[in-house]
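Observations on chain architecture
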Amino acid sequence: MAHDLNQTIFVAGHRGMVGSAIVRHLKMLGYRNILTAARDELNLLDQAAVQRYFQANRIEQVYLAAAKVGGIHANNTYPAEFIYENLIIEANVIHSAHLAGVNKLLFLGSSCIYPKLAPQPMSEDALLTGLLEPTNEPYAIAKIAGIKLCESYNRQYCRDYRSVMPTNLYGPGDNYHPENSHVIPALIRRFHTAKVNGDAEVVVWGTGTPRREFLYVDDMAAASVYVMNMSEARWQASVSPMLSHINVGCGHDNSIKEVAALIAEVTGYTGNLIFDRTKPDGAPRKLMDSSKLHQLGWRPVIGLDRGIRDAYEAFLKADAHGA
């Protein structure tokens, strides 16, 4: 797959877990002109500022990884912020890219775009076929809108804006907030803290029976660059104008109970695991059908055991520096 290492590439959201992984992967591949902008340099919620940024820079590719993200608790607590900020960010970046003549853009979505009771594993054509999981519906609606924004600019203006839908991601740069983080980083912090404090038990939300698929963030970054650099003819042959997103996952899932037990082992916690059945489980199962991308030549290389060990090492380093 030939690619021009001198292209000017803007990674929106470079300080987030996914954006930082994309920057790492691009640098590893030898790309020389990677643009990033911190929030105090560019507020993606400010339409005029985003348009000025695109007009001032000769951007050739955009990775739209910027988003307001969080776990079940955060989605339940801040639904207005989750739908508003994500809609505004993606509308500003996609429209500004178009106005500036940027023809290549990759939008990063989420597996929560699929209906709560979608057939498993969830294929791309399950989109808009049923009701969404209520706990993260506002976020999911925003991500669906992002897909349709890309498709609309492709259909009307012949842009080459692509969308990738990752499964649950984890790894270096994750959010380890005790309440507002996703399941793996939340459990890493909880088990580590319990080990340090000598706690007799750790409480895990829900029944432990829901099954989730997890992908290490560096695998996601590699998949993103792979999809971005795929030839337009090959990409268009694999999608359709109004169903143009592609799933990114590993193809297998684990129960939350299994994941919690693995994290306890990795962190060295030897106390008891208690499941709080009064807390929400979310969707019973979320497994992606990523066969389309796998058939196109990309597969992940980092398994869950190695990934969680690497994620815990990254957490310890971040914790040591007060992150």
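Please refer to the structure placed before this passage.
What comes next concerns the included structure.

Quick notes on the rules
Every chain begins its residue count from 1, and numbering advances along the sequence as written. Reporting in this predicted model follows two pLDDT cut-offs: at least 70 for local features of residues, and 80 or more for side-chain atom pairs to be given and counted; totals over whole chains, interfaces and linings ignore these cut-offs and use all residues. Note that water and hydrogens are dropped before the side-chain values are worked out from all heavy atoms of the structure. Secondary structure follows DSSP: runs of H or I at least 4 residues long count as helices, runs of E at least 2 residues long count as strands, and numbering of each begins at the N terminus. Take the number of residues in a helix, subtract one, and multiply by 1.5 Å to get its expected span. Between buried and exposed lies partly exposed: a residue is buried under 20% and exposed over 50% of the maximum accessible area for its type, with that area taken using a 1.4 Å probe on protein chains only. Two aromatic rings, drawn from Phe, Tyr or Trp (for Trp, its six-membered ring), form a pair once their centres lie within 6.5 Å of each other, and the interplanar angle then sorts them: stacked below 30 degrees, edge-to-face above 60, tilted otherwise. At least two DSSP bridges between two strands are needed for those strands to be called paired. Fitted lines through C-alpha atoms serve as axes, helices being fitted only where they are in contact, and the angles separating the N-to-C directions of these axes extend from 0 to 180 degrees. Here a residue-residue contact requires only that any non-hydrogen atoms of the pair lie within 4.5 Å.

1. What to know about helix α7 (residues 217-229)
Here α7 contains 13 residues, and its C-alpha end-to-end distance of 19 Å stays within 8% of the 18 Å for a straight helix at 1.5 Å per residue. Turning to α7, its buried residues number three or more, namely Val-217, Asp-219, Met-220, Ala-221, Ala-222, Ala-223, Ser-224, Val-225, Tyr-226, Val-227, Met-228 and Asn-229.

2. As for the packing of aromatic side chains
Two numbers describe a pair of aromatic rings. These are the distance of the centres and the angle of the planes. All told, the structure shown has 11 aromatic pairs when counted by the stated rule. Here Phe-82 and Tyr-139 contribute two aromatic rings whose centre-to-centre distance is 6.1 Å and whose plane-to-plane angle is 75 degrees, an arrangement assigned as edge-to-face. Note that Phe-82 is positioned in helix α4 (residues 79-99) and Tyr-139 in helix α5 (residues 137-157), a separation of 57 residues in sequence. As far as burial versus exposure is concerned, Phe-82 and Tyr-139 are alike and both buried.

3. A short note on unusual backbone geometry
Cis geometry marks the peptide bond from Gln-120 to Pro-121, where omega comes out at -5 degrees. Positive phi is not limited to glycine here, since Leu-128 has a value of about 65 degrees. With respect to the helices, strands and loops of the structure, Leu-128 is situated in the loop between β4 (104-108) and α5. Residue class for Leu-128 comes out exposed when judged on its relative accessible area of 58%. For Cys-158, which is not a glycine, the phi torsion comes out positive at approximately 60 degrees. Residue placement: Cys-158 occurs in the loop between α5 and β5 (160-166).

4. Comments concerning the sheet that holds β5
Ordered by their spatial adjacency, six strands build an open sheet running β2-β1-β3-β4-β5-β10, and the pairing between neighbours is parallel. Of all the strands in the sheet, the pair left with one neighbour each is β2 (33-35) and β10 (245-248). Here the average twist between neighbouring strands, direction ignored, is 20 degrees. Where strand β3 (residues 61-64) meets β4, four bridges bridge the pair, whose relative direction is parallel. Each residue of the ladder has a partner; that of Leu-64, found in β4, is Phe-107. In the packing of α4 onto the sheet, contacts are made with β3, β4 and β5, and the angle to β3 comes to roughly 175 degrees.

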